[in-house]
Amino acid sequence: MLRLSKLRYGFPIGLLLFFFLDGSISQVFSNQMFNYPYTMVSYLVVLWLVLANFFENQISIPLVPWAIAIGVIFDLYYTGIFGVFIFIFPLVILLTRALSRALPNTFLVNFLIYFIDITMVSGLSYLANSIIHLTSLTSSEFLIYSLAPTLAYNLAMFVILYFPIQALFNRLR
C-alpha cells in the first residue's frame, strides 16, 4: 500500500530532514543545549519515527528497516561509535508499536509513549557509553544533568510538531 502513497517519498525526505535538523539545532544552539553541567540532546529523528508509527493508519511503513538505516547513518555521522543507535532506534519502534496497539491513540497517550521512548533512547545510550567508558557521569548525574533537560526539550518538540506532522501525514496519505 505504501507504493501507491505519496508517503513513499515524503517519509524518507522527512526522516533525512529531521536527521539534519538534529545536528543543525545542536550546532546553532550549542551554548544553550550543552551548557555545563547540563546536556540537552535533540532526538528529532526519533520523533519522526514515532509519529510515523502513530499516523501510518492503513498504510504500513516499514519502520524497522528505516530505523536500522537511519541508526547506521546516525552512528557514523554523529557519534562515531558504530552500533549504538543501530539497535536503539529499532527497539524504540518495536516498543512504540507494542504500546500503541495496547493503548488508545490519543494525544496524551502518544505523549506518554514518546516520554518512555526518549527515556529509553537516552538511558540505553548512557548505558552503552558507560560500558565502553566514554562517559564519566554517575547515574544520578545522568538523570539530573542529561535526562531531565533532554526530556524537557524533546517533549516540547513533540507538543509543537505533533499536529503539523499529523496534518502532513494526512495530506500525503
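## Here's the deal with the packing of aromatic side chains
All told, the structure shown has 27 aromatic pairs when counted by the stated rule. When the centroid spacing of 5.1 Å and the interplanar angle of 20 degrees are considered together, the rings of Y114 and F158 count as stacked. Of this pair, Y114 sits in helix 6 (residues 107–131) while F158 is found in helix 7 (residues 139–172), placing the two residues 44 residues apart along the sequence. Classification of Y114 by relative accessible area gives buried; the value is 0%.

## What about helix 3 (residues 44–55)?
Taking 1.5 Å per residue as the helical rise, helix 3 with its 12 residues ought to reach 16 Å, and the 16 Å between its terminal C-alpha atoms agrees with that figure. Of all the 12 residues making up helix 3, 12 are buried; the element is thus mostly covered by neighbouring parts of the structure. Among the residues making up helix 3, those that are buried are L44, V45, V46, L47, W48, L49, V50, L51, A52, N53, F54 and F55. Tucked into the core, helix 3 has its buried residues touching helix 1 (7–28), helix 4 (63–79), helix 5 (85–102), helix 6 and helix 7. Directly beyond the C-terminal end of helix 3, a positive phi value near 50 degrees is found at N57.

## Focus on the nonpolar core
Membership of the largest hydrophobic core comes to 49 residues, with the highest contact counts inside it found for F11, V46, L49, F89 and F169. Where this core is concerned, the elements lending two or more residues are helix 1, helix 3, helix 4, helix 5, helix 6 and helix 7. When neighbours within four sequence positions are excluded, F169 is seen to be in contact with L7, F11, W48, A52, F55 and I61.

Conventions adopted
Residues numbered from 1 in each chain as written. Predicted model: local features only at pLDDT ≥ 70, side-chain atom pairs only at ≥ 80, totals over all residues. Heavy atoms only, no water. Phe/Tyr/Trp six-rings, centres within 6.5 Å; stacked < 30°, edge-to-face > 60°. Helix = DSSP H or I, 4+ residues; strand = E, 2+ residues; numbered from the N terminus. Buried < 20%, exposed > 50% of the residue type's maximum accessible area, 1.4 Å probe, protein only. Expected span 1.5 Å × (residues − 1). Contact = heavy atoms within 4.5 Å. Core = buried A, V, L, I, M, F, W, Y, C linked by side-chain atoms within 4.5 Å.

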